[in-house]
Amino acid sequence: MGGLTGEARDRVRALSLWLVTGIVLAGVAVGLYAVVVGFDRTQPAAVSRVAQGAEPRDLIVEYVGGSPGCGDPHRVEVTESEDEVVVAATVVVRHGTRFNAACDDEGVSMVQTVRLAEPLGGRSVRDASRPGVTVPVVADLAELAEG
């Protein structure tokens, strides 16, 4: 700023202050939104059982979510290898960052079908949210529905 005139230097300073003020106000607005309204928060869900679907490559996944708004279904992803299938279920807590956000501890069973690259066959199924835990494979959807 050494080559600027006094008036130009004042304008650059004023513009810098307005820019910093705008950034600070935007940060405060985002923070207030997060506390008052809340952003959605995702979290892993425990996979309880799986069943073979109607098609050989379909896998029906039963996992534990929460009551409405406190563990809604988000997605189920699978990672396959020759020996095992790792299932990662995710639920979303609506407005989870809100100041007074509270959820009960009630677990709700949720079911979703995913398509594998290859049929399950004799591969073991593991839960991504609980490393080392093997998930039981039941015969079909009827057995899965019985509980």
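None of these values were measured; they are calculated from a predicted model.

Novice: Explain the side chain of Asp 127 to me, please; I cannot follow it from the model alone.
Specialist: For Asp 127, the position within the fold is in strand β7 (residues 124-127). A relative accessible area of 2% places Asp 127 in the buried class. At 3.0 Å, the side chain of Asp 127 and the backbone nitrogen of Val 47 are in polar contact. Setting aside residues up to four positions removed in sequence, Asp 127 forms contacts with Ala 45, Ala 46, Val 47, Val 87, Val 133 and Val 135.

Novice: Before we go on, may I ask you to explain the nonpolar core in this structure?
Specialist: Note on soluble globular proteins: their nonpolar side chains tend to be buried together. Formed by 17 residues in total, the largest nonpolar core has its most connected members in Val 47, Val 50, Leu 59, Val 61, Tyr 63, Val 76 and Val 87. When contributions to this core are tallied by element, the ones reaching two or more residues are β2 (47-52), β3 (58-65), β5 (84-93) and β6 (108-115). Not counting chain neighbours up to four residues away, the residues in contact with Val 61 comprise Val 47, Arg 49, Val 50, Val 76, Val 87, Met 110, Val 111, Gln 112 and Val 114.

Novice: Even after reading the chapter, I still don't get the sheet that holds β3, so can you show me in this structure?
Specialist: Strand pairing in a sheet relies on backbone hydrogen bonds, with the paired strands running either antiparallel or parallel. Strand order in the open sheet made by the 4 strands is β6-β3-β2-β8, with mixed pairing throughout. In this open sheet, the two strands that pair with only one neighbour each are β6 and β8 (137-138).

The rules behind the values
- Residues numbered from 1 in each chain as written.
- Predicted model: local features only at pLDDT ≥ 70, side-chain atom pairs only at ≥ 80, totals over all residues.
- Heavy atoms only, no water.
- Helix = DSSP H or I, 4+ residues; strand = E, 2+ residues; numbered from the N terminus.
- Buried < 20%, exposed > 50% of the residue type's maximum accessible area, 1.4 Å probe, protein only.
- Polar contact = N/O pair within 3.5 Å; in protein donor to acceptor, adjacent residues only side chain to side chain.
- Contact = heavy atoms within 4.5 Å.
- Core = buried A, V, L, I, M, F, W, Y, C linked by side-chain atoms within 4.5 Å.
- Pairing = 2+ DSSP bridges.

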